[in-house]
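Observations on the model geometry
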Amino acid sequence: MAMIVELGLQGLQMLLVVLIAPLVLGITRKVKARLLRRIGPPVLQPYRDIWKLMHKEAVLAHNASWIYRVAPYFIFAATWVAAALVPTYATALLFSWSADLIALVALLGTARFALALAGMDVGTAFGGIGSSREVMIASLAEPAMILIVFTVALVAGTTQLSAIATTFITASVGLRVSLGLALFALICVGIAENARIPIDNPATHLELTMVHEAMVLEYSGRHLAVIEAAAALKLVLYFSLVACLFVPFGMATGEKTVGALALGMGSYLAKIFVLAVLLPIGETSVAKMRVFRYPIFLGGAFAAAALAVFLLFVSRGF
Amino acid sequence: MAVFVGLGCVAAFFVVSALTLVRGPFGTTFVYGASGAIALVGLVVGATQLLAGTASAVILPLGLAGLGGHFRIDALSAFFLTVIDLGGVVTSLYALGYGRHEAAPMRVLPYYPVFLAAMNLVLMADDAFAFLLSWELMSLASWAIVLAHHRDPANARAGYIYLVMASFGTLALLLAFGVLAGQQGGYAFDAIRAAPPLPLAAALAVLLCLIGAGSKAGLVPLHVWLPLAHPAAPSHVSALLSGVMTKVGIYAFVRIVFDLVGASAPWNGLLVITLGGITAVIGVLYAILQNDLKRLLAYSTVENIGIIFVGLGLALAFRANNMGWAAALALTAALLHVFNHAVFKSLLFFVAGAVLTATGENSMERMGGLIHRMPRTAVACLVGCGAISALPPLNGFVSEWLMFQAILVSPQLPHWGLKLMVPAVGALLALAAALAAGCFIKAFGITFLGRPRSPAAREARETDGFSLAAMFALSALCVVGGVLPGFFIDLLGPLVQALTGDVLPRQAGLAWMSIVPIAESRSSYNGLIILAFLIFSGTTTAIVIHRFATRATRRSAIWDCGFPLAAPQTQYSSSSFAMPIRRVFGGAVFGLHEIVDMPGPGEMRTGSFRVRVIDPAWRFGYGPLARYVGTVSLRLNRLQFLTIRSYLTLVFCALILLLLVVAAWR
């Protein structure tokens, strides 16, 4: 019986992240539109977009291989597994120990590997430019992410996300320089990984500056629907990660009573909502960068995370 | 018993080699079939010895007078025997198909079994004389195969540089053994172990060993021969050179530094970690710039060797500070990476060989779209690329993950130099991992995806059954190693115990077959569950989509924003894919020159774009060194044209001088 409940809670988390993903995207778009003095599409529009795309005919190029057709499902699956392993409303779920934070970063790397290959499959200039730039961004963002993982792991003494969250809630970790630097770096990496301004513009098309959109340019119909859903899921994943690592409060840590779970769920949704409002505010206040300015932006994130790790190696007190 | 079977294998290899000289029935199929069978016996010997955990030794009346030939298989030898003979078995299987395409088979066949025999012999040698002799035999046999296509001037140059570097490395090892043997001259490994060297001698031996073994393994800045020589050989031998022979270099380092030298100062670890981190990043940065598929793989070998040396260095540092459990973790990570790299690098060289025979092209700039022509090879290549990019749930990720776990326990080191260097190296490793993924996205994407860039690529044919069998065997190992890593970690247990005095917790009994290197509250990873999760969520998504979405699918021309260009040259090419990386790291690391010659409006000449990348090791190290040696020998050239009187005077002066030196020494 206890096993079934545990399994149910894990399943609930898997469903939760998938179901709220388009909504979160809808909220960011709505807030952004309001900040730009537009009315903007309704917050439920992303659900309708995905539904619409699912019922459109999928057009494949003559020379598209099986990689092109399998990649969307694989990308979605890898992102989904990663998102389901970040603690959202409760720690120590059934499978929380099967992958730690390093494995999570690597899973996202797996998804990116598939996406970059899909971009190159048909053999267009746009697909190539997208994949090439994605690789460049990843080669700077991923090391920064690993160093963020190091920082958090050195403070908490573990790389298990669930255990990190528990430590940060129960033990008096306090405000730390290293965690501040790690938060800054994580925000920069999250912006780059989710193709948001100032790195990439999710609303752009037919521009030489696009990265993510260039890779998926050839996709249509149900394949595009799955890719869009995966992109939304990735945004939720990064929001959950920020929430879980830096504001884990409210999460159900001990006995999984209905009250604790409800509190965890409520606080999780509130945190995600706040982040979904903050992101477009940040986006509207800066301009998009030129491609070869990215190394400066991501190098900053890398330097901040590296500084945090160095400080922790020197003394655990930072 | 085991050591006799091992030596029997070596003898059998030599017999096979001798039989090739008798023409007729003893051709390609015989040599590779027999070598594969013998290597299989060696593999069984290694694996059983590793499982049994006992040592088996013999002293043969060979070699130096008063020394004899010592041979021994202990846990360390057994592990490396397993790795090397596994490589031997699959390479021979692959060569049963691939070897038929060889234009001049007699330039490869006689040396191939000798090369395998020499590598086996290095691992079994238990005294310095046998070790150095088989080491040199290994170098020479591989040098002969590197020169198989010697009419190409580039290959001749590669062979020359390889010979110089290999001799230099052997010299360093010779000196290292000299230092270790001490004044009594005990050259048997037992005698060296019984009389541990003084701290100064130990430090000198570690340095010399780092040069000797590092030059064979490809440690920066001793790596310059590797990206030249490895691609020059026929592809199945490239797989042996890159996947297997570099591991013999690692073995020499582990044997000398961990086993013979014994306790060493913490700064030794610091040096090894630093060199390893630099090697990893330099190797992968050069790999991503290459347009030649085999050269890309060779540079990626340099990267992986760097990762392994980081693990070894961490293990040394931990051991010097009496943190046995952490040393065990780092050493396990390094040795697991040795095995993993042997598997996926051999696989990728096999793929490169298959592509090379199918298209006749080395350069990725003239490939593309091969996934349609060679679908099975493409699947094997995809698994290999994923594994080498450290993607879960494949095997490359496991060793990388263990390495990061080892780095995360290193703040407990008391030594300040290490405290500052380890996080920097951690950052370098993370950078190398991310760049490696990019590098293999490029390798797979440009070679197998897109549209064919040359008629040869358009007409390519799938490779033969033997080659495919070898590739799929290795792909299966990549998956099994990633999904059930606990089994492999347990196998390394006795060996790690012997070298560090500690061992990782036993993984076999853990629930769900996950791996837990230190404690469950600290970190755990489960490749099996990740794979199951991936399959579950992937199929769920596919079912949901196919249930609720329309299945209507139409094939059409490429869209490409409405302006598709028919010429395949309009695709992204290998060098354009690497351009952002080249720009970002170019100035700092490569000494990059981009020469653009763009004709003005109205001019009829063709434009050109050239990229020149010079390895800093050549620019600051070997180039000036070679020039200096040239200048000095030009000056000394005058000595060749003296009169007999001057020569006699010179000889006399030299004699007096040497006698004076001896007198002063006493």
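Residues numbered from 1 in each chain as written. Chains lettered and ligands numbered in written order. Predicted model: local features only at pLDDT ≥ 70, side-chain atom pairs only at ≥ 80, totals over all residues. Heavy atoms only, no water.

The next thing to look at is the overall build of chain A. Check the secondary structure of chain A and you find eleven helices and one strand. When the helices and strands of chain A are listed from N to C terminus, the series reads α-α-β-α-α-α-α-α-α-α-α-α. Scaling as 2.2 N^0.38, a compact globule of 318 residues should have a C-alpha radius of gyration of about 20 Å, and chain A matches this with 19 Å. With the principal axes as the frame, chain A shows a C-alpha extent of 55 × 50 × 40 Å. (Helix = DSSP H or I, 4+ residues; strand = E, 2+ residues; numbered from the N terminus. Rg over C-alpha atoms; globule rule 2.2 N^0.38 Å.)

Within chain B one finds 26 helices and five strands. Compactness check: chain B gives a C-alpha radius of gyration of 26 Å against a globular reference of 26 Å for 666 residues, within 12% of the reference. With the C-alpha coordinates aligned to their principal axes, the bounding extent of chain B is approximately 95 × 70 × 60 Å. Sorting the 666 residues of chain B into buried and exposed places 59% on the buried side. (Buried < 20%, exposed > 50% of the residue type's maximum accessible area, 1.4 Å probe, protein only.)

The next subject is the interface of chain B and chain A. Contacts between the two partners involve 86 residues from chain B, matched on the other side by 79 residues from chain A. Contact with chain A buries area across many residues of chain B, yet L408, F533 and R555 of chain B alone supply 9% of it, more than any other trio. Ionic pairing is found between R554 of chain B and E57 of chain A, a salt bridge with its closest N-O pair at 3.1 Å. Put simply, chain B and chain A have 27 residue pairs in polar contact (both at pLDDT 80 or more) between them. The element that contributes the greatest number of residues to the side of chain B that touches chain A is helix α17 (residues 416-448) of chain B, accounting for 19 residues. (Contact = heavy atoms within 4.5 Å. Buried area = accessible area lost by both parts, 1.4 Å probe. Salt bridge = Lys/Arg side-chain N within 4 Å of Asp/Glu carboxyl O. Polar contact = N/O pair within 3.5 Å; in protein donor to acceptor, adjacent residues only side chain to side chain.)

So, on to the packing of helix α5 (residues 125-156) of chain A against α17 of chain B. Between α5 of chain A and α17 of chain B, whose axes approach to 8 Å, the crossing angle comes to 150°. For the pair α5 of chain A and α17 of chain B, the sense of crossing is right-handed. Residues V135, A138, S139, E142, P143, I146, L147 and F150 of chain A of α5 of chain A pack against G426, A427, A430, L431, A434, L435, G438 and I441 of chain B of α17 of chain B. Residues that form the contact of α5 of chain A with α17 of chain B fall into these classes: twelve nonpolar, three polar and one charged. (Axes fitted to C-alpha atoms, helices over the stretch in contact; angles between N-to-C directions. Left-handed = near helix turned anticlockwise from the far one by under 90°. Nonpolar A, V, L, I, M, F, W, Y, C, P; charged D, E, K, R; others polar.)

Below, the discussion takes up helix α4 (residues 111-124) of chain B. Taking 1.5 Å per residue, 14 residues should reach 20 Å; α4 of chain B reaches 20 Å between its end C-alpha atoms and fits that length. Counting buried positions over the 14 residues of α4 of chain B gives 13, a clear majority of the element. (Expected span 1.5 Å × (residues − 1).)

One finds F79, F131, I250, F253, F258, F309 and L312 of chain B to be the most contacted residues of the largest nonpolar core, which totals 358 residues. In terms of residue count, the dominant contributor to this core is helix α13 (residues 324-359) of chain B (23 residues). Residues within four places of F131 of chain B in sequence aside, it is in contact with V122, A125, L173, F177, F189, Y251 and A252 of chain B. By size, the runner-up hydrophobic cluster in this structure holds six residues, among which are F126, M210 and L217 of chain A together with C561 of chain B. (Core = buried A, V, L, I, M, F, W, Y, C linked by side-chain atoms within 4.5 Å.)

All names here are of chain B. Where nonpolar side chains cluster on the molecular surface, the patch consists of L625, Y628, V629, V632, L636, L639, L642, Y647 and L650 and spans about 800 Å² of accessible area. Elements that contribute at least two residues to the nonpolar patch include exactly α25 (616-636) and α26 (644-665). Per element, the largest residue contribution to the nonpolar patch is five residues, and it comes from α25. Within the secondary structure, Y647 is located in helix α26. Residue class for Y647 comes out partly exposed when judged on its relative accessible area of 32%. (Patch = residues over 30% accessible without salt bridge, like charges linked within 9 Å, V, L, I, M, F, W, Y side chains within 5 Å. Areas by Shrake-Rupley, 256 points an atom, 1.4 Å probe, with all protein chains shown as cover.)

Further remarks concern the pattern of salt bridges. Here the structure, examined in full by the defined rule, presents 18 salt bridges over all chains. Notably, a salt bridge pairs K234 of chain A with E193 of chain A, separated by 3.4 Å at the nearest N-O pair. Note that K234 of chain A is positioned in helix α9 (residues 221-246) and E193 of chain A in helix α7 (residues 177-193), a separation of 41 residues in sequence. Residue K234 of chain A shares its accessibility class with E193 of chain A, and that shared class is buried. Across the pair D74 of chain B and R72 of chain B runs a salt bridge, and its minimum N-O distance is 3.4 Å. On the basis of relative accessible area, D74 of chain B is assigned to the buried category, the value being 11%. In this structure R72 of chain B comes out as buried when scored by relative accessible area, which is 19%. Shared partners join several salt bridges into a network, and the residues in it are R72, D74, D190, R193, R255 and D259 of chain B.

Our next topic: the packing of helix α4 (residues 101-121) of chain A against α5 of chain A. All names here are of chain A. Running from N to C, α4 and α5 point in directions that differ by 175°, and their axes come no closer than 9 Å. In this view, α4 runs roughly antiparallel relative to α5, as classed from their interaxial angle. On the side of α4, the interface is formed by L101, I102, V105, G109, R112, A116, G119 and M120, while α5 contributes G127, G128, S131, E134, A138, E142, M145, I146 and V149. Its residues assigned to classes, the contact of α4 with α5 comprises nine nonpolar, five polar and three charged. (Parallel < 35°, antiparallel > 145°, perpendicular 65-115°, else oblique.)

We now examine the environment of L329 of chain B. Residue and element names in this part refer to chain B. Examined against the element boundaries, L329 turns out to sit in helix α13. Spatially, the C-alpha atoms of L329 and A406 are 6.1 Å apart, while their sequence positions differ by 77 residues. When near neighbours in sequence (up to four residues on either side) are disregarded, L329 contacts L402, Q405, A406, L504, P517 and I518.

Take unusual backbone geometry next. Excluding glycine, residues mostly carry a negative phi; peptide bonds, for their part, are mostly trans. With an omega of 10°, the peptide bond between I197 of chain A and P198 of chain A qualifies as cis. Inspection of the secondary structure puts P198 of chain A in the loop between α7 and α8 (212-215). Residue P393 of chain B is bonded to the preceding P392 of chain B through a cis peptide linkage, with omega at 5°. Positionally, P393 of chain B belongs in the loop between α15 (375-388) and α16 (395-408). With phi around 60°, A390 of chain B is a residue other than glycine that occupies positive phi space.

Using the criterion set out here, one finds 21 aromatic pairs over all chains in the structure. Between Y68 of chain A and Y219 of chain A the ring centres are 4.2 Å apart and the planes differ by 5°, which places this aromatic pair in the stacked class. Note that Y68 of chain A is positioned in helix α3 (residues 66-85) and Y219 of chain A in the loop between α8 and α9, a separation of 151 residues in sequence. Its relative accessible area of 5% is what places Y219 of chain A among the buried residues. Taken together, F131, W135, F177 and F189 of chain B form an aromatic cluster joined through their ring pairs. Over the ring of W618 of chain B we find R157 of chain B, and its NZ or CZ is 5.7 Å from the ring centre. (Phe/Tyr/Trp six-rings, centres within 6.5 Å; stacked < 30°, edge-to-face > 60°. Lys NZ or Arg CZ within 6 Å of the ring centre and 35° of its normal.)

On to the side chain of K294 of chain B, then. All names here are of chain B. By the element assignment, K294 lies in helix α12 (residues 293-320). Comment: no salt bridge for buried K294; closest opposite-charge side chain is D292, at 7.2 Å. Apart from residues no more than four positions distant in its own chain, K294 is found in contact with P231, A233, P234, S235, S238, F349, A352 and L356. (Lys, Arg positive; Asp, Glu negative; His and termini not counted.)

Bringing α17 of chain B into the picture now. All names here are of chain B. Over its 33 residues, α17 runs 48 Å from end to end, which matches the ideal 48 Å to within 8%, given 1.5 Å per residue. In terms of burial, α17 is largely enclosed, as 27 of its 33 residues are buried. Just downstream of α17 lies G450, where phi reads positive at about 80°.

Another aspect to go through is the side chain of T159 of chain A. By the element assignment, T159 of chain A lies in the loop between α5 and α6 (161-170). Owing to a relative accessible area of 2%, T159 of chain A belongs among the buried residues under this scheme. At a separation of 3.4 Å, a polar atom in the side chain of T159 of chain A contacts the side chain of Q405 of chain B. Those residues in contact with T159 of chain A that sit more than four places away from it in its chain are D100, L101, I102, A153 and I164 of chain A together with Q405, L408, R522 and S523 of chain B.

This part takes up the confidence of the model for chain B. Residue and element names in this part refer to chain B. Averaged over all residues, the pLDDT of chain B is 90; the fraction at 70 or higher stands at 99%. Put simply, helix α24 (residues 579-590) is where chain B has its lowest mean pLDDT, 80, and α15 is where it has its highest, 96. We note a pTM of 0.94 for the whole complex and an ipTM of 0.95 for its interfaces. (pLDDT = per-residue confidence, 0-100.)

Residues and elements named next belong to chain B. Within the secondary structure, V261 sits in the loop between α10 (235-260) and α11 (266-289). Spatially, the C-alpha atom of V261 lies 9.5 Å from that of P199, the residues being 62 residues apart in sequence. Dropping the residues within four chain positions of it, V261 is found in contact with L180, P197, A202, A205, V206 and I256.

Attention now moves to the state of the cysteines. Put plainly, two cysteines are in a disulfide when a covalent bond ties their sulfur atoms together. Residue and element names in this part refer to chain B. Counted according to the given criterion, the structure contains zero disulfides over all chains. Sulfur of C385: no disulfide; nearest cysteine sulfur belongs to C381 and is 3.8 Å away. The class for C385 is buried, based on a relative accessible area of 1%. You can see C439 has no disulfide; the closest cysteine sulfur is in C385, sitting 8.7 Å from it. Overall, the relative accessible area of 0% leaves C439 in the buried class. (Disulfide = S-S within 2.5 Å.)

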